[in-house]
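# Per-entry structural report
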Amino acid sequence: MKIFIITVAVVILYSFTVVFTQDYRQAQRNSYRLKYVCEELSATGASFYDLKEYSEGYTIFNTGECIRAIKEQIASLLSVDSSMMPAENSYWSKKIEYKVYFYDDLGICKVYNNGNLEREEAFSYGNLQKDDWTTYNTIISDPTVVVTINAGPARFRLKFLDPLPDIIRSSSHEWESR
């Protein structure tokens, strides 16, 4: 009987270990995928700028076009609908939230939260950019677009792991003045 009880305990422990390992690896893969999406979105945001201002030597982002392109790419890259709710085949379980910071030659940082202008604040090159959701900090030395995505908590099947933090990734893309 003793051997039977020990065997059952080992099988249960092994089952927990296998389930947790599989869930952890899936969460890690999706976190890396979210990082890739942030990098793509920040590069996309930096692609839309005012051509007239650029011809005069200034980089001014066309924020309306940037936000529209970023929202379209989030929908396709993260399998969410137009209201940022995950599709059935998506890994994510909660509404996707995103912030975009635009630093350009106007000297005004424009912060958009889920596509809506949240605030504008003055800055100068050499300032430290502090993200509202993460500890991601970078020195702004050139026109820069920073994208931060909060995709909600990872999916773990073991319910005692429920108070999980949200997976938040951030990335920036800058125009170098050379």
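Here's what I pulled together on the structure shown here. All figures in this text were calculated on a predicted structure; none of them were measured in a lab. (Residues numbered from 1 in each chain as written. Predicted model: local features only at pLDDT ≥ 70, side-chain atom pairs only at ≥ 80, totals over all residues. Heavy atoms only, no water.)

### Brief notes about the nonpolar core
Cut-off, in case you're wondering: Throughout this description, the term nonpolar core refers to a set of buried Ala, Val, Leu, Ile, Met, Phe, Trp, Tyr and Cys residues connected via side-chain atoms within 4.5 Å. Only protein chains enter the accessibility calculation, which uses a 1.4 Å probe; a residue is then buried when its area is under 20% of its type maximum, exposed when over 50%, and partly exposed in between. Put simply, DSSP H or I for four residues or longer makes a helix, DSSP E for two residues or longer makes a strand, and each gets a number counted from the N terminus. Two residues form a contact once any of their heavy atoms are found within 4.5 Å.
In terms of nonpolar packing, the biggest core is built from 28 residues, with I74, L78, I96, V100 and I149 touching the most fellow members. Contributions of two or more residues to this core are made by helix 1 (2–45), helix 3 (63–77), strand 1 (97–103) and strand 6 (144–153). A total of five residues in this core trace back to one element, the largest contributor, which is helix 1. For L78, the residues in contact, after removing those within four places along its chain, are R33, L34, V37, S90, W92, I96 and I149. Counting residues in hydrophobic clusters, the runner-up holds seven residues, among them Y101, Y103, V111 and V146.

### Let's talk about the sheet that holds strand 7 (residues 166–174)
For clarity, the cut-off: For two strands to be treated as a pair, DSSP must find at least two bridges joining them. Axes here mean lines fitted to C-alpha atoms, for a helix over just the part in contact, with angles spanning 0 to 180 degrees between N-to-C directions.
Taking strand neighbours across the sheet as the criterion, the five strands line up as 3-2-1-6-7 in an open arrangement whose pairing is antiparallel. With one partner strand each, in any of the chains shown, strand 3 (116–122) and strand 7 form the two edges of the open sheet. Between one strand and the next, the sheet's axes are offset by a mean angle of 15°, whatever the strand orientation. Note that strand 1 and strand 2 (residues 108–113) share five bridges and pair antiparallel. In the sheet register, V100 faces strand 2, and the bridge partner there is Y112. Sheet strands in contact with helix 1 are strand 1, strand 6 and strand 7, and its direction is about 30° off that of strand 7.

### Notes on the packing of helix 1 against helix 3
Inclusion rule: Any angle between 65 and 115 degrees counts as roughly perpendicular, while under 35 counts as roughly parallel, over 145 as roughly antiparallel, and the rest as oblique. Rotating anticlockwise by less than a right angle from the far helix to the near helix defines a left-handed crossing, while the corresponding clockwise rotation defines a right-handed one. The classification used treats Ala, Val, Leu, Ile, Met, Phe, Trp, Tyr, Cys and Pro as nonpolar, Asp, Glu, Lys and Arg as charged, and all other residues, Gly among them, as polar.
With their axes 9 Å apart at the nearest point, helix 1 and helix 3 run at an angle of 155° to one another. Relative to helix 3, the element helix 1 is oriented roughly antiparallel. For the element pair helix 1 and helix 3, the recorded crossing hand is right-handed. Every residue of helix 3 that contacts helix 1 at R33, V37, E40, L41, T44 and G45 is listed here: C66, A69, I70, Q73, I74 and L77. Grouping the amino acids of the contact of helix 1 with helix 3 by side-chain chemistry returns seven nonpolar, three polar and two charged.

### Some points on helix 3
An α-helical segment advances 3.6 residues per turn. Residues three or four places apart therefore align on the same side. This is how the line gets drawn: To estimate the expected span of a helix, count its residues, drop one, and scale the result by 1.5 Å. To be clear, the arc concerns the directions from the helix axis to the C-beta atoms.
With 15 residues, helix 3 extends 20 Å from end C-alpha to end C-alpha; this agrees with the ideal 21 Å at 1.5 Å per step. Along helix 3, the residues classified as buried are T63, C66, I67, A69, I70 and I74. Along the axis of helix 3, the buried residues cluster in a sector spanning 165°; they form a single face. Facing away from the buried side of helix 3 by more than 90 degrees, the exposed set consists of E72 and S76. Just downstream of helix 3 lies S79, where phi reads positive at about 55°.

### Let's talk about the side chain of Q129
Secondary-structure assignment places Q129 in strand 4 (residues 128–130). Accessibility expressed as a relative area gives 1% for Q129, which makes it buried. Those residues in contact with Q129 that lie beyond four places of it in its chain are Y101, Y103, Y136, N137, T138, I140 and V146.

### Concerning the environment of I70
On the secondary structure map, I70 appears in helix 3. In sequence terms I70 and V37 are 33 residues apart; their C-alpha atoms lie 10.0 Å from each other. With residues up to four places along the chain from it excluded, the contact list for I70 reads L41, G45, Y98, V100 and V147.

### Some words on the pattern of salt bridges
Short version of the rule: Should a side-chain nitrogen of Lys or Arg be within 4 Å of a carboxyl oxygen of Asp or Glu, the pair is scored as a salt bridge.
Taken as a whole, this structure holds six salt bridges when the rule is applied. Residue R119 pairs with E121 through a salt bridge whose shortest N-O separation is 3.0 Å. Salt bridges linked by common partners bring K99, E118, R119, E121 and D132 together as one network.

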